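Observations on the model geometry
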Amino acid sequence: MFHKALASLPSYEWRGVPFAAWLLRIAANSIIDHAKRAAREFPAPDDPPDRAAAPDLQASEMRAIEYRAQLFRLVGGLPEVQKQVVYERFVEQRSIREIAQRLGKTEGAVKQLQLRAIQNLRAQMEGRHG
């Protein structure tokens with residue numbers, strides 16, 4: 001799930017929905033896809049087909065919360081300036097230009113910090129799940 005989110009971060013666009021909702025949707029879709037695959041591969045003999053394919057909503061919500069908490073922990077471990085760029089860009093929904101002005105850096109420098117932050121997060125995730 002995190003690989004999907006991290007790979008999609010550079011293409012994330014503000015559409016009036018908080019960044020956390022975007023992450024939760026990725027997590028929910030990933031969990032649903034996994035549950036559907038598992039149901040096709042190992043259906044329970046005493047469960048009706050519709051029930052075997054439907055994921056447990058409460059368990060899915062808990063997994064999404066756990067994924068979100070893990071992502072926030074990983075972001076918290078980034079170098080301070082990278083953490084600030086990620087927070088302002090994806091939580092506060094600020095533009096690269098706004099962040100550059102706030103930090104007293106060029107837009108290119110902010111883009112580079114954002115890229116390095118994403119690369120750091122990706123490396124941490126691959127280290128945990130690779």
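Quick note: structure is the one above.
Every chain is numbered on its own, with residues counted from 1 as its sequence reads. The predicted nature of this model means local features are confined to residues of pLDDT at least 70 and side-chain atom pairs, given and counted, to a pLDDT of 80 or more, with totals for whole chains, interfaces and linings taken over all residues. Calculation of side-chain values draws on the structure's entire complement of heavy atoms; hydrogens and water are dropped beforehand.

1. So, the overall build of the protein
- By definition, any uninterrupted DSSP run of H or I lasting at least four residues is a helix, any uninterrupted run of E lasting at least two residues is a strand, and each is numbered from the N terminus. When helices and strands are tallied, the protein shows seven helices and zero strands.
- When the elements of the protein are put in sequence order from the N terminus, they spell out α-α-α-α-α-α-α.
- Accessible area is worked out with a 1.4 Å probe on protein chains only. A residue is then buried under 20% of its type maximum, exposed over 50%, and partly exposed in between. Relative to its 130 residues, the protein shows a buried fraction of 29%.
- Of all intrachain contacts in the protein linking residues separated by at least 6 positions in sequence, the fraction that spans at least 24 positions is 59%.
- A total accessible area of about 8500 Å² is found for the protein, and carbon and sulfur atoms account for 52% of it. The criterion used for residue contact is that any of the two residues' heavy atoms lie within 4.5 Å. Method for areas: the Shrake-Rupley scheme with a 1.4 Å probe, in which residue coverage is limited to the protein chains shown.

2. Section: the packing of helix α5 (residues 80–91) against helix α6 (residues 96–103)
- At a minimum axis separation of 10 Å, α5 and α6 run at an interaxial angle of 140 degrees. Relative to α6, the element α5 lies oblique. Read as a crossing pair, α5 and α6 show a hand that is right-handed. Facing V81, Q84, V85, E88 and R89 of α5, the residues of α6 in contact are I96, I99, R102 and L103.
- Gly falls in the polar group here, along with every residue not listed as nonpolar (Ala, Val, Leu, Ile, Met, Phe, Trp, Tyr, Cys, Pro) or charged (Asp, Glu, Lys, Arg). In terms of residue class, the contact of α5 with α6 is made up of five nonpolar, one polar and three charged. Note on geometry: axes are C-alpha line fits, over the in-contact stretch for helices, and angles between N-to-C directions span 0 to 180 degrees. Here roughly perpendicular refers to angles of 65 to 115 degrees, roughly parallel to angles under 35, roughly antiparallel to angles over 145, and oblique to all remaining angles. Take the far helix as your reference; a near helix turned counterclockwise from it by less than a right angle gives a left-handed crossing, and one turned clockwise gives a right-handed crossing.

3. Some remarks on helix α4 (residues 57–76)
- Here α4 is 20 residues long and its end C-alpha atoms lie 28 Å apart, about the 28 Å a rise of 1.5 Å per residue gives.
- When α4 is considered as a whole, its buried residues turn out to be S60, A64, Q70, L71, L74 and V75. For α4, the angular spread of the buried residues around the axis is 140 degrees, confining them to a single face. Turned more than 90 degrees away from the buried face of α4, the exposed residues are Q58, E66 and R73. What a helix is expected to span follows from its residue count: subtract one and scale by 1.5 Å. The directions considered for the arc are those from the helix axis to the C-beta atoms.

4. Things to note about the pattern of salt bridges
- Salt bridge criterion: a side-chain nitrogen from Lys or Arg within 4 Å of a carboxyl oxygen from Asp or Glu. Scanning the model with the defined rule gives five salt bridges in all.
- For E88, the salt bridge identified is with R102, shortest N-O distance 3.0 Å. With E88 in helix α5 and R102 in helix α6, this pair connects stretches of sequence that are 14 residues apart.
- E88 sits in the buried class, given a relative accessible area of 4%.
- The closest approach of N and O atoms between R94 and E92, which form a salt bridge, is 2.7 Å.
- Residue R94 is classed as partly exposed on the basis of its relative accessible area of 22%.
- Residue classification places E92 among the partly exposed residues on the basis of a relative accessible area of 33%.
- One continuous salt-bridge network, built from bridges that share partners, spans E88, E92, R94 and R102.

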